[in-house]
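Here are the chains, one letter per residue:
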Amino acid sequence: MAGKNIKILLVEDNPGDVFLLQELLKEVSTVVVDLSPVERLSEALNYLEKELFDVILLDLSLPDSQGLETFVIAHHQAKATPIIVLTGINDETLAIRAMQEGAQDYLVKGQVTGDLLVRSMRYAIERQRADNALRQSEERFRVALKNSPIFVYNQDCELRYTWVYNPPSGVTVEEILGKKDLDIIPVEDAQRLITIKRGVLTTGIGTREEVSITIKDTTRYYDLTVEPLRNESQEIVGVTCASIDISERQAALRERKLAEEKIREQAALLDVTTDAICVRDLNNKIIFWNKGAETLYGWKATEAWGKNASELLYDEPSPEIEAALLQAISKGKWQGELTKLTKTDKEILVASRWSLVCDEQGKPKSILTVDTDITEKKHLEAQLFRAQRLESIGTLASGIAHDLNNILTPILAGAQLLPLKFPDADERTRHLLEILEINARRGADLVKQVLSFARGVEGKRITLQLRHLIVEVAKILKETFPKSIQISTDVPQDLWMVSGDSTQLHQVLMNLCVNARDAMPNGGSLSLSAENLLIDENYARMNLEAKEGPYIVITVSDTGVGIPREILDKIFEPFFTTKDVGKGTGLGLSTVLGIIKSHGGFVNVYSEVGSGTSFKVYLPAVEGMETLTPEELPPQTGHGELILVVDDEAAIQEITKTSLETHNYKTLIASDGIEAIALYAKNRDKISAVLMDIMLPSLDGLTAIRTLRKINPQVKIIASSGLMSENKLSAVAAIGVNTFLSKPYTVNELLLSLQKILS
């Protein structure tokens, strides 16, 4: 305030007092005073209507007004201007009353110095400014509250209402002040509020709750904030509360919950289906993803929502997808077969139906897609088509072979008769006749092989023990094959019997082994093994040509170059060969297939380029075996043990799960090594054994098994695979796998393996 003018209105009717006051103020050098003296209250009021003053010095004894009434009138006229009472009346009671009415100070004439007066005026001006600011703030607060739904109030430590503003509709301030909650609202609501507020009084910590209050038969919902109310000494003297009516919001929330519940019920119905149901907006963003989609594609709904469907389900954009999208948008629907990717990048074939979804105004807003997995169905269809194709080729070959036999018979006979007719023929002629006979015999042998493929050559069928045949073939191979190829056999002593022609079955084994030799020009390993297999309904579902019952399975495996996937379906066709000209007729495998089919069996092949090939020959077993018959082998059931099944083929997952649970086991299913490790870590103490496929996406079976062994060195593991090289079999044994189960396996094989490791 130093160096600033103070504009003063002096209301004083005594000229002497005016003069004395002017002299006192002249003595103060720190401030410049602009003094305007008037003698009457009426003059002062006129001045105040025209001018603004920093402070008013007011005498209470004036010609036109006396006593405290003088101050009341002046203060009413100039509420924003600080008033200092300067009077000759030294009355403490009057001074107190003046201060209570709003005076900034009360000074007695004759006891005042210039410095005291200036200091008093400065303090009065600053206090008035603070009061004005507070008053403006309170006014803004009042206006804000008046236009808001907030009910604000204070309560003392006994929870009596001491101040109320903006009460809810239906009650007045007068009905609330001085009362407690129990006096105003129902007991249950009041007790709830009392508990909340007493908690704040006790802890000194504010809180926020949603409460319901019933007033005059109307229930409203409030967002209640309760804070401790403190005095200048920071002692808690009550609570201050703000309550916002959120009834409309709660009603909207209830309606939304009802709508969401209805949607959840509808979604639950969609989740019952095994089809994958997906809804995409017109920007191809996924907005709905049912349980069937989670199961089929591996993506959880939370992972799929908001993702671009093309990026999630396709390797790259294709014209087929774009054409389907255009037709769905233009015509309202599309259906066809699509190849899509799962989370593990596995290709699956689906029958897909697309429907355009429109809003209430008929504008397109999304596309509904329903996908059905037909991968297994197509696989079985391919088996059927291949069998039909081979049957057609066989029928054609049979007819050709019949005619060729008719043609070759006179040629061969002539080649044998001509030397007798011309005994004196020269050496060159005899050599030509010899060539003619040799090639006629080769032609006859080819025809014989064609007939073997076409309808099987019926030989003498006897009950055979294939163990002896395999040992004999292995002996021949070791004597005739290059030393760079290691020959091994694995045949159990209790192998079942088959009914067959030993010469033809010997030819089957030799043809397969010769092909294996040719696939390993730089050497490798050739293994011959046999096992008993009881094919059940589950297994038969996995192979079109299989029937329920006992079989012998002969496996011929090599570590050669492997067979490319694109020609795997053609290898059994007659005259199809990948060998150089003159090194193969293309009839070896077709002969194998014809002979095995004539014996009531079938052949499966598993191959991986660069990792070798495995042929599995299935022959029906017959009575007369050296050990118990399959019918006498009791099924092995569990005792509620939990088995972790790890396989990336959905069909095998389903069949294995059903088989185990039918025989009193419990199952957990994982589609790859990473998921298997996570499930095992979570359920380590519950899992009794792990059935692990070796060929897995994301993380292979061998690595997953090593990781499980680190988690639990005592974990019991059954490894399984459709094709296992010697190297991988050695690796499986090296990491401590309890037993190995070759695919496809029967329920009995699986149960016996489990019983073996669990006991």
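In this report, the structure presented in the accompanying data block is examined. (Residues numbered from 1 in each chain as written. Predicted model: local features only at pLDDT ≥ 70, side-chain atom pairs only at ≥ 80, totals over all residues. Heavy atoms only, no water.)

Turning next to the overall build of the protein. Looking only at helices and strands, the protein has 23 helices and 29 strands in total. Put simply, the protein has 759 residues, and 43% of those count as buried. Considering only intrachain contacts with a sequence separation of at least 6, the fraction spanning at least 24 residues in the protein is 62%. By element, 53% of the accessible surface of the protein is carried by carbon and sulfur atoms, the whole surface being about 41100 Å². (Helix = DSSP H or I, 4+ residues; strand = E, 2+ residues; numbered from the N terminus. Buried < 20%, exposed > 50% of the residue type's maximum accessible area, 1.4 Å probe, protein only. Contact = heavy atoms within 4.5 Å. Areas by Shrake-Rupley, 256 points an atom, 1.4 Å probe, with all protein chains shown as cover.)

Two modes of strand pairing occur in sheets, parallel and antiparallel, and in both the strands are linked by backbone hydrogen bonds. Spatially, the five strands line up as an open sheet ordered β9-β8-β12-β11-β10, and their pairing is antiparallel. Whereas interior strands pair on both sides, the edge strands pair on one side only; in this sheet they are β9 (161-165) and β10 (207-215). Along the sheet, successive strands turn relative to each other by an average axial angle of 25°, direction set aside. Bridge analysis of strand β11 (residues 218-230) against strand β12 (residues 236-245) gives nine bridges, and the strand direction is antiparallel. Residue pairing for β12: Tyr222 is matched across the bridge by Asp245. (Pairing = 2+ DSSP bridges. Axes fitted to C-alpha atoms, helices over the stretch in contact; angles between N-to-C directions.)

A few words now on a nonpolar patch on the surface. Together, Ile411, Leu418, Phe422 and Leu436 give the surface a local cluster of nonpolar side chains, amounting to about 330 Å² of exposed area. With respect to the helices and strands, the residue Leu418 is situated in helix α13 (residues 375-421). When its relative accessible area of 33% is taken as the criterion, Leu418 is described as partly exposed. (Patch = residues over 30% accessible without salt bridge, like charges linked within 9 Å, V, L, I, M, F, W, Y side chains within 5 Å. Salt bridge = Lys/Arg side-chain N within 4 Å of Asp/Glu carboxyl O.)

Relative orientation of the contacting elements helix α20 (residues 673-682) and helix α21 (residues 701-711) amounts to 15°, with a least axis distance of 10 Å. Taken together, the axes of α20 and α21 lie roughly parallel to each other. Where α20 crosses over α21, the two elements pack in a sense that is right-handed. Between α20 and α21, the contacting residues are Gly673, Ala676, Ile677, Tyr680 and Ala681 on the first element and Ala704, Thr707, Leu708 and Ile711 on the second. Tallied by class, the residues present in the contact of α20 with α21 amount to seven nonpolar, two polar and no charged. (Parallel < 35°, antiparallel > 145°, perpendicular 65-115°, else oblique. Left-handed = near helix turned anticlockwise from the far one by under 90°. Nonpolar A, V, L, I, M, F, W, Y, C, P; charged D, E, K, R; others polar.)

Attention now moves to the pairing of strand β16 (residues 347-358). As defined by bridge partners, strand β15 (residues 333-341) adjoins β16 across nine bridges and the pair is classed as antiparallel. Note that in β16 the partner of Leu341 across the bridge is Glu347. Adjacent in sequence and paired antiparallel, β15 and β16 are bridged by five residues, among which Asp345 carries a positive phi angle near 65°. When β16 meets strand β17 (residues 364-373), the two strands line up antiparallel, connected through nine bridges. Residue Leu356 lies in a different strand from β17, and its bridge partner there is Ile367. Adjacent in sequence and paired antiparallel, β16 and β17 are bridged by five residues, among which Gly362 carries a positive phi angle near 85°.

Counting 43 residues, the largest nonpolar core has Leu466, Leu477, Leu526 and Phe615 as the members making the most contacts within it. Mapped onto this core, the elements with two or more residues apiece are α15 (466-480), β19 (485-490), α16 (502-518), β21 (524-535), β22 (549-558), α18 (588-598), β23 (602-608) and β24 (612-622). If you tally residues by element for this core, the top one is α16, at seven residues. Not counting chain neighbours up to four residues away, the residues in contact with Leu477 comprise Ile487, Met510, Cys513, Leu526 and Leu528. (Core = buried A, V, L, I, M, F, W, Y, C linked by side-chain atoms within 4.5 Å.)

Before going further, it helps to examine the environment of Ser607. For Ser607, the location among the structural elements is in strand β23. For the pair Ser607 and Gly562, spaced 45 residues apart in the sequence, the C-alpha separation amounts to 5.6 Å. A distance of 2.7 Å separates a polar atom in the side chain of Ser607 from the backbone nitrogen of Ile563. Looking at Ser607, its side chain comes within polar contact range of the side chain of Thr613, at 2.9 Å. (Polar contact = N/O pair within 3.5 Å; in protein donor to acceptor, adjacent residues only side chain to side chain.)

Now for the sheet that holds strand β6 (residues 83-87). Read across the open sheet, the five strands follow the order β2-β1-β3-β6-β7; overall the sheet is parallel. A single partner strand is all that each edge strand has here, and the edge strands are β2 (32-38) and β7 (105-108). Averaged over all neighbouring strand pairs, the angle between strand axes comes to 25°, with direction disregarded. Relative to β7, β6 is paired through four bridges, and the arrangement is parallel. Its bridge partner lying in β7, Thr87 is registered against Val108. Relative to the sheet, helix α2 (residues 41-50) contacts β1 (5-11), β2 and β3 (55-58), its axis offset from that of β1 by approximately 145°. Of the strands in this sheet, β6 and β7 are in contact with helix α4 (residues 92-101), which crosses β7 at around 150°.

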